[in-house]
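Fold and geometry: a report
The residues making up each chain are set out below.
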Amino acid sequence: MAYPKKIYLVGMPGSGKSTFGKKLAERLGRQFFDLDEQIEKMSGMTIPEIFADAGEDQFRMFETYALGMITQLNEPSLIATGGGAPCFNGNMDLMNEAGCTIFLDTPLDEIINRVSNDRATRPLVNDMGDVKAEMTALYNERLTFYQQAKFTSDSDIEEIMSYLDAL
Ligand SMILES: Nc1ncnc2c1ncn2[C@@H]1O[C@H](COP(=O)(O)OP(=O)(O)O)[C@@H](O)[C@H]1O
Ligand SMILES: O=C(O)C1=C[C@@H](OP(=O)(O)O)[C@@H](O)[C@H](O)C1
Ligand SMILES: [Mg+2]
């Protein structure tokens, strides 16, 4: 059977959605979209600029709009979402209705290491004082959304392919 037309990766910032998403899209032979890149193209601003100049609420509006646009495209695609995308404006329901959602469940310690080395491009993390404590709190807040994904994996491409093959 054909794979779902839309496959979305969800998970914490730093879990590897953008990096792993490209690999998985290649393996599936389908188009890859990074939601943040689409927002940057659409707005003509970088993600840090949007947060600084327009604020997070405006960013969330752009994010939901871009997600809707990509979801409506007819061709099959793999979409790496931003870490907050599933947690606002009913986006998780939209993704679950439109296709298949996969939670990249990278261990929190690994996520904290990665984002600590990579703060400038991540406005949410850049504003954190105690990254470890605040990332842990964010993870606990968001887990309820991420757990609504149809499948969970720690970026194991073979495990994910087996799941998709069995659909
Ligand atoms: N499997 C991996 N092993 C080690 N580092 C990784 C891995 N995947 C991603 N990274 C690094 O972690 C950071 C976050 O990855 P990214 O793909 O941007 O995550 P996300 O899109 O979920 O925020 C980047 O610096 C990236 O190079
Ligand atoms: O977790 C978040 O709210 C965000 C995560 C980022 O994407 P990544 O998860 O790809 O880093 C980006 O959408 C924005 O900085 C907000
Ligand atoms: Mg990303």
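Residues numbered from 1 in each chain as written. Chains lettered and ligands numbered in written order. Predicted model: local features only at pLDDT ≥ 70, side-chain atom pairs only at ≥ 80, totals over all residues. Heavy atoms only, no water.

**Description of the UniProt feature "binding site: substrate" (unreviewed entry) in the chain**
- As annotated by UniProt and renumbered to match this structure, "binding site: substrate" (unreviewed entry) occupies Asp-36, Arg-60, Gly-83 and Arg-142.
- Position of Asp-36 among the secondary structure elements: in helix H2 (residues 35–43).
- Asp-36 gets classed as partly exposed once you look at its relative accessible area, which sits at 23%.
- Setting aside chain neighbours within four positions, we find Asp-36 in contact with Ile-47, Phe-59 and Gly-82.
- With respect to the helices, strands and loops of the structure, Arg-60 is situated in helix H4 (residues 56–72). (UniProt positions renumbered as here; feature names shortened; annotations may be inferred. Helix = DSSP H or I, 4+ residues; strand = E, 2+ residues; numbered from the N terminus. Buried < 20%, exposed > 50% of the residue type's maximum accessible area, 1.4 Å probe, protein only. Contact = heavy atoms within 4.5 Å.)

**Here's the deal with the site of ligand 1**
- Within the structure, ligand 1 sits among Met-12, Pro-13, Gly-14, Ser-15, Gly-16, Lys-17, Ser-18, Thr-19, Arg-114, Asp-118 and Arg-122.
- Measuring from an oxygen atom of ligand 1, one finds a backbone N or O atom of Ser-15 at 3.4 Å.
- One of the side-chain N or O atoms of Arg-122 is found 3.0 Å from an oxygen atom in ligand 1.
- For ligand 1, whose accessible area on its own is 560 Å², the fraction buried by protein is 60%.
- Sorting elements by how many residues they give to the shell around ligand 1 places helix H1 (residues 17–28) first, with three residues. (Near = heavy atom within 4 Å. Polar contact = N/O pair within 3.5 Å; in protein donor to acceptor, adjacent residues only side chain to side chain. Areas by Shrake-Rupley, 256 points an atom, 1.4 Å probe, with all protein chains shown as cover.)

**Digging into the site of ligand 2**
- Taken together, 14 residues lie around ligand 2, and Lys-17, Arg-60, Gly-83, Arg-122 and Arg-142 are the ones closest in.
- The separation between an oxygen atom of ligand 2 and a polar side-chain atom of Arg-142 is 2.7 Å.
- Out of a free accessible area of 390 Å², ligand 2 has 94% covered by protein chains.
- Partitioned by chemical class, the residues of the shell around ligand 2 number six nonpolar, three polar and five charged. (Nonpolar A, V, L, I, M, F, W, Y, C, P; charged D, E, K, R; others polar.)

**A look at H4**
- Spanning 17 residues, H4 covers 24 Å between terminal C-alpha atoms, matching the ideal 24 Å at 1.5 Å per step.
- All of the buried residues along H4 are Phe-59, Arg-60, Phe-62, Glu-63, Ala-66, Leu-67, Gly-68, Ile-70 and Thr-71. (Expected span 1.5 Å × (residues − 1).)

**Focus: the packing of H4 against helix H5 (residues 91–98)**
- Packing of H4 against H5 brings their axes to within 11 Å, and their N-to-C directions diverge by 5°. On the basis of the axis angle, H4 is roughly parallel to H5. Here H4 contributes Thr-64, Leu-67 and Thr-71 to the contact with H5, which in turn contributes Asn-91, Leu-94, Met-95 and Ala-98.
- Residues of the contact of H4 with H5, tallied by class, amount to four nonpolar, three polar and no charged. (Axes fitted to C-alpha atoms, helices over the stretch in contact; angles between N-to-C directions. Parallel < 35°, antiparallel > 145°, perpendicular 65-115°, else oblique.)

**Quick word on the nonpolar core**
- Within the largest apolar cluster, 32 residues are counted, with the highest numbers of intra-cluster contacts made by Val-10, Met-12, Leu-35, Ile-39, Val-131 and Met-135.
- Sorting the residues of this core by element identifies strand S1 (6–10), H2, helix H3 (47–54), H4, H5, helix H6 (108–116) and helix H8 (131–146) as the ones contributing at least two each.
- Ranked by residue count, the leading element in this core is H8, at six residues.
- With residues near it in sequence (within four places) discarded, Met-135 still touches Met-12, Pro-13, Leu-108, Ile-111, Ile-112, Val-115, Val-125 and Met-128.
- Within the second largest apolar cluster, 15 residues are counted, among which are Leu-9, Leu-28, Phe-151 and Leu-164. (Core = buried A, V, L, I, M, F, W, Y, C linked by side-chain atoms within 4.5 Å.)

**Concerning the packing of H6 against H8**
- Taken N-terminus to C-terminus, the directions of H6 and H8 make an angle of 125°; their axes are 10 Å apart at the nearest point. Considered as vectors, H6 and H8 are oriented oblique to each other. The two elements H6 and H8 cross, and the hand of that crossing is right-handed. Touching Leu-108, Ile-111, Ile-112, Val-115 and Ser-116 of H6 are Val-131, Lys-132, Met-135, Thr-136 and Tyr-139, all from H8. (Left-handed = near helix turned anticlockwise from the far one by under 90°.)

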